[in-house]
Amino acid sequence: MKWREYVKQIAPYVPGKSIEAVKKELNLEEVHRLASNENPLGASKKALAAMQSAMMEAHLYPDAPATELREKLASLFGVLPEQVITGNGADNVISFVISAYVNESDEVLYCSPTFPAYRSSTLLMGGKPVEVPLKEGFVFDLEALKANITDKTKLVFICNPNNPTGTIVDSNALEQFIGDVPEHVTVIIDEAYIEYVQENNYETGIDFFKKGYPVITIRTFSKFYGLAGLRIGYAIASKEILEPMLRLREPFAVNRPAIAAAVAALDDKEYTERHFKMNEEGKHFLKDEMERLGFIVYPSSTNFLYVHVKRDGKKLFDELLQKGIIVRPCTGWDYNEYVRISIGTKEQNELLIETLKTIL
Ligand SMILES: Cc1ncc(COP(=O)(O)O)c(C=O)c1O
C-alpha cells in the first residue's frame, strides 16, 4: 500500500533510550535517565491513590469531556470549562490544533531549535513549517518571527519556556507581539514548563487570553505534576477556537486513571512545592558544578539545563551512557556541542557530576 505523500516527509521519531533498554544493552544494574525532562520525584502520592482507585473502573470508558478536570482547571485559572480542552498529552493537543487549522500550503511559523512536534504535525497536514533561528542567548526571536509572517501564515508557535534551550521570552515583548500579529494569524503558546518560571509579574498565555487576545495556550501534566507516563495535557482558548478541535479530537483521548490523577495532582501543593524546591536546588548545584568543569550553562526557566559542553555532545552522551546516565545530545537539532540535561534528584545530580569528572 502506498503511503500518503505527506507522511513520507516526516522523519521517524527517535525516542530517548529507555532505562530498561540501557540496562539490558549494557548489562548495568543502575541506570538514571536525565534525558526526557521527567519529574524525578515520581508521581504525587495523592495522584497515585486517585489513579489506583480509577483503575478499579478500568472496564468503563472515561468521561469523554473530562468534565471534572476541565472544571477544576477553569476555576484554577479563572476561565470557563468550555474554554478548556484535554488531550492525550500536550503532544496530542499540538497535533489536533494543527489538524484543525492547517490547510495544505498554510505556513506554521516558529523558532528553531524547538519542540519537534510543530514541524511533524504541520508536515502531516501538507502545511509548510517556517523555521527562524533563535536569537542570541537561544531565545525565541519575536522580531524575526514578525518579519516572517506572510499572507499564508496560519499559526505561530511560541515555545515558552523553550525546549531544548530552557529560555523564556520577555512577557511585555510577547504581549506586544500578540497584539501586533495580523488577524489571519493565531499565536499558540506552548507552556509545557511554565510552572518553573520564577520571574515576578510574568504574564502567561492564559493571562493574555483573559485580557482578550485570541491566543491558544498548551500545557501538560507530564513535567511539574510528574504524570508523563499517563499522557495528559490541555489547551485553553476561546470556545470558538476550540470548536473544530473538539470535532476531531478522539472522544476518549484521555484515560480514566489520567483524569483522576490530574485532578488529584492539582490539589497536592505539598508535592509541587517540594518538587519546585528540589528542582531549584538541583539547577543551582548542576549549574555551578558544570561551570567549574568548563561548560557553559544557559539560564533555565525549566526542569532541564541546556549546556554547551565544548566537545562532541554525542560522544559525551555515549560515555555517560556506558556509566548508566542517559542525557540528551542536541545533535538532532544540529547543535553538536550541546547537551540537554534534566535536573534529577540530589543523588542523581551528584552522581552526574562525579561521573562527568571521571570522564573529563
Ligand atoms: C515544549 C514541549 N511541549 C510539549 C511537550 C509534550 O508533552 P506531553 O508529555 O504532555 O505530550 C513537551 C515534552 O517534552 C515539550 O517539551
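Q: Please give an account of the site of the ligand that cites residues and values.
A: For the ligand, the set of nearby residues contains 13 residues, the closest of which are Ala90, Asp190, Thr220, Ser222 and Arg231. In the model, an oxygen atom of the ligand is placed 2.6 Å from a nitrogen or oxygen of the Ala90 main chain. Taking 390 Å² as the accessible area of the ligand by itself, protein coverage stands at 92%. Grouping the amino acids of the shell around the ligand by side-chain chemistry returns 5 nonpolar, 4 polar and 4 charged.

Q: Now, about the pairing of strand β3 (residues 107–112): what can you tell me, with residues and values included?
A: Across the 6 residues of β3, 5 count as buried, placing the element largely inside the fold. As paired strands, β3 and strand β4 (residues 128–133) are joined by 6 bridges and run parallel to one another. Within β4, the position partnered with Glu107 by the bridge is Lys128. Of the crossover connections in this fold, the one passing from β3 over helix α6 (residues 117–124) to the parallel β4 is right-handed. As paired elements, β3 and strand β5 (residues 153–159) share 3 bridges and run parallel to each other. Each bridged residue has a counterpart across the sheet, and for Leu109 the counterpart in β5 is Val156.

Q: Before we move on, could you go through the packing of aromatic side chains and cite the residues and values that matter?
A: Inspection of the entire model under this criterion finds 20 aromatic pairs. A ring pair is formed by Tyr196 and Phe224, whose centres lie 5.3 Å apart and whose planes are at 85°; its orientation type is edge-to-face. Highlighted residues: Tyr196 in the loop between β6 (186–190) and α9 (205–210) and Phe224 in the loop between β7 (216–220) and β8 (233–236), separated in sequence by 28 residues. Exposure class is identical for Tyr196 and Phe224. Each is buried. Measuring from centroid to centroid gives 5.5 Å for Tyr335 and Tyr338, while their planes differ by 75°, and the two rings are edge-to-face. Given a relative accessible area of 22%, Tyr335 falls into the partly exposed group.

Q: Help me get a handle on unusual backbone geometry, residues and values and all.
A: Here the residue pair Ser112 and Pro113 is connected by a cis peptide bond, since its omega of 5° sits within 30 degrees of zero. Mapping Pro113 onto the fold places it in the loop between β3 and α6. Backbone torsion omega between Asn163 and Pro164 reads 20°, so that peptide bond is classified as cis. Secondary-structure assignment places Pro164 in the loop between β5 and α8 (171–180). Located in the positive-phi region is Asn201, a residue other than glycine, with phi close to 55°. By secondary structure assignment, the location of Asn201 is in the loop between β6 and α9. Of note in the backbone geometry, Asp334 takes a positive phi value of approximately 70° without being a glycine. Summarising the element assignment, Asp334 is placed in the loop between β12 (328–329) and β13 (338–342).

Q: Run through the packing of helix α13 (residues 313–322) against helix α14 (residues 346–359), naming residues and quoting values.
A: Interhelical geometry of α13 versus α14 gives an angle of 115° and a closest axis separation of 10 Å. Compared by their axis directions, α13 and α14 come out roughly perpendicular. For the crossing formed where α13 meets α14, the hand is right-handed. Taken together, the residues of α14 that come into contact with α13 (itself represented by Leu316, Glu319 and Leu320) are Leu352, Thr355, Leu356 and Ile359. Looking at side-chain class alone, the contact of α13 with α14 contains 5 nonpolar, 1 polar and 1 charged residues.

Cut-offs and rules
Residues numbered from 1 in each chain as written. Predicted model: local features only at pLDDT ≥ 70, side-chain atom pairs only at ≥ 80, totals over all residues. Heavy atoms only, no water. Near = heavy atom within 4 Å. Polar contact = N/O pair within 3.5 Å; in protein donor to acceptor, adjacent residues only side chain to side chain. Areas by Shrake-Rupley, 256 points an atom, 1.4 Å probe, with all protein chains shown as cover. Nonpolar A, V, L, I, M, F, W, Y, C, P; charged D, E, K, R; others polar. Buried < 20%, exposed > 50% of the residue type's maximum accessible area, 1.4 Å probe, protein only. Helix = DSSP H or I, 4+ residues; strand = E, 2+ residues; numbered from the N terminus. Pairing = 2+ DSSP bridges. Right-handed = clockwise from strand over helix to strand, strands pointing away. Phe/Tyr/Trp six-rings, centres within 6.5 Å; stacked < 30°, edge-to-face > 60°. Axes fitted to C-alpha atoms, helices over the stretch in contact; angles between N-to-C directions. Parallel < 35°, antiparallel > 145°, perpendicular 65-115°, else oblique. Left-handed = near helix turned anticlockwise from the far one by under 90°. Contact = heavy atoms within 4.5 Å.

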